Amino acid sequence: MAQGTIRHVFPGGNTPKGFFSYYNYIIPPDARRIFVLKGGPGTGKSTFMKRMGQALADLGFAAEFHHCSSDNNSLDGVVIPALEVAFIDGTAPHVVDPKHPGCVDEILNLGAFWNEPKMVENKRSILDYTAEIAGNFQRAYRLLSAAKSLYDDWEAVNVRAMDFAAANRKAQELLQTVFAGVDSVGCGKVRKLFGSAISPDGAVNYLYSIIDVMPKCYVVKGEPGTGKSTLLQKVLDAAVTRGLDVEAFYCPLDPEKVEHLVIPALGVACTTSSEPHLSDPANAAGVLDMNECLVGATVARYADIAAYDREMFWSLFHRCVSHIKLSKKLHDDLETCYIPNMDFSAIEGLWQQTLDRVVAYGKSK
């Protein structure tokens, strides 16, 4: 059997609103089986899921790896769409508990494999690390909120310079191109995730596994405030009213603003291209430059304000990232309180038993 593909996304993100979750969209609630992993830092949840996803991909199943925005090399979830199976980290800050215990959801408690007396000896260190990590994240979120205020002002400057009639013409042209020959009326579904994250490594994304794999991609570029997200929202709404399902990927800086989308039935993706994720996909079917809708004289009039906003935004953004990075280091230190006291051989037995169960689901379909 051919190797299964692996897609990389984020189910939640660090945002100016704090940790923002789209965990309800990882897999439908009527899935065949949702395994919710519980246990402290360093108990092996991410490794358990990563190995599970890779093993099933090796057996030919397509997999989705849902990365952690606070440690983009770790996983918060794995989905095997063909089997309707998901593994989800159910611990803070994205607490997940079974909604339909037994018939759909079940808990895999890796905390059952730790040496409790030894863990108690580390109580003070665990409490101190946990408090310090929480404080660092709150500081990061305050800085990101301040950065967002500068970004909003930057956007406002460009909004004053926009020729909205020209922007509407671009939107109409894209809608006619994307939906040419699609006349159906219905009510499609929207799946919400993040394609990028504000992480310890700065702004990271896995758009190559989301956008680049589609037959066609339309790229929308432009300064903040030039209507990129508004244009994509129009495409999303048009798809839904035509009965087409859409995968919408939202912006960590504004987690209710769409910045990338995929319409699987049409083989079409739309992506915004602006810092920090500039996009130049090989499958680009067209590029819309929203800067062409800016009135030059107005842009020049407010150039100093925009330049100040840009400089201050990036200064605060990078300061925010430094605190997320520090939280990651403290989290790694916290894991050392758990790792030596775990029975990983017993977890290996649970992993193999669980893999056998999931493979059996495939044989029974």
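None of these values were measured; they are calculated from a predicted model.

Chemist: Outline the packing of helix H4 (residues 164-178) against helix H5 (residues 228-241), listing residues and values.
Modeler: Where H4 meets H5, the axes come as close as 10 Å, and the angle between the chain directions of the two elements is 35°. Seen along the crossing, H4 lies across H5 with a hand that is right-handed. On the side of H4, the interface is formed by Asn168, Ala171, Leu174 and Leu175, while H5 contributes Leu231, Lys234, Val235 and Ala238. Partitioned by chemical class, the residues of the contact of H4 with H5 number six nonpolar, one polar and one charged.

Chemist: How would you summarise the sheet that holds strand E6 (residues 71-80) if you had to cite specific residues and measurements?
Modeler: Ordered by their spatial adjacency, six strands build an open sheet running E1-E5-E6-E7-E4-E8, and the pairing between neighbours is mixed. Edge positions in the open sheet fall to strand E1 (6-9) and strand E8 (105-109), since each of these has one partner strand only. The mean inter-strand angle of the sheet, taken between neighbouring strand axes irrespective of direction, is 30°. Where strand E4 (residues 33-38) and strand E7 (residues 85-89) come together, five bridges link them in parallel fashion.

Chemist: Could you give me a rundown of H5, with the residues and numbers involved?
Modeler: With 14 residues, H5 extends 20 Å from end C-alpha to end C-alpha; this agrees with the ideal 20 Å at 1.5 Å per step. Of the positions making up H5, those classed as buried are Lys228, Ser229, Leu231, Leu232, Val235, Leu236, Ala238, Ala239 and Val240. Downstream of H5 by one or two residues, Gly243 has phi in the positive range, about 80°.

Chemist: Can you tell me about the packing of aromatic side chains, naming the residues and giving the values?
Modeler: Applying the stated rule across the entire model yields 18 aromatic pairs. Here Phe19 and Tyr23 contribute two aromatic rings whose centre-to-centre distance is 6.5 Å and whose plane-to-plane angle is 55°, an arrangement assigned as tilted. Measuring from ring centre to ring centre gives 6.4 Å for Phe48 and Phe87, while their planes differ by 55°; the resulting arrangement is tilted. Taken together, the residues Phe48 in helix H1 (residues 45-58) and Phe87 in strand E7 connect sequence positions 39 residues apart. Grouping residues by exposure puts Phe48 and Phe87 together as buried. Taken together, the ring pairs connect Phe20, Tyr22, Tyr25, Phe194 and Tyr250 into an aromatic cluster. Across from the ring centre of Trp351, 4.0 Å away, lies the NZ or CZ of Arg51, which sits over that ring. Lying across the ring of Phe179, Arg242 places its NZ or CZ 4.6 Å from the centre.

Parameters at a glance
- Residues numbered from 1 in each chain as written.
- Predicted model: local features only at pLDDT ≥ 70, side-chain atom pairs only at ≥ 80, totals over all residues.
- Heavy atoms only, no water.
- Axes fitted to C-alpha atoms, helices over the stretch in contact; angles between N-to-C directions.
- Helix = DSSP H or I, 4+ residues; strand = E, 2+ residues; numbered from the N terminus.
- Left-handed = near helix turned anticlockwise from the far one by under 90°.
- Contact = heavy atoms within 4.5 Å.
- Nonpolar A, V, L, I, M, F, W, Y, C, P; charged D, E, K, R; others polar.
- Pairing = 2+ DSSP bridges.
- Expected span 1.5 Å × (residues − 1).
- Buried < 20%, exposed > 50% of the residue type's maximum accessible area, 1.4 Å probe, protein only.
- Phe/Tyr/Trp six-rings, centres within 6.5 Å; stacked < 30°, edge-to-face > 60°.
- Lys NZ or Arg CZ within 6 Å of the ring centre and 35° of its normal.

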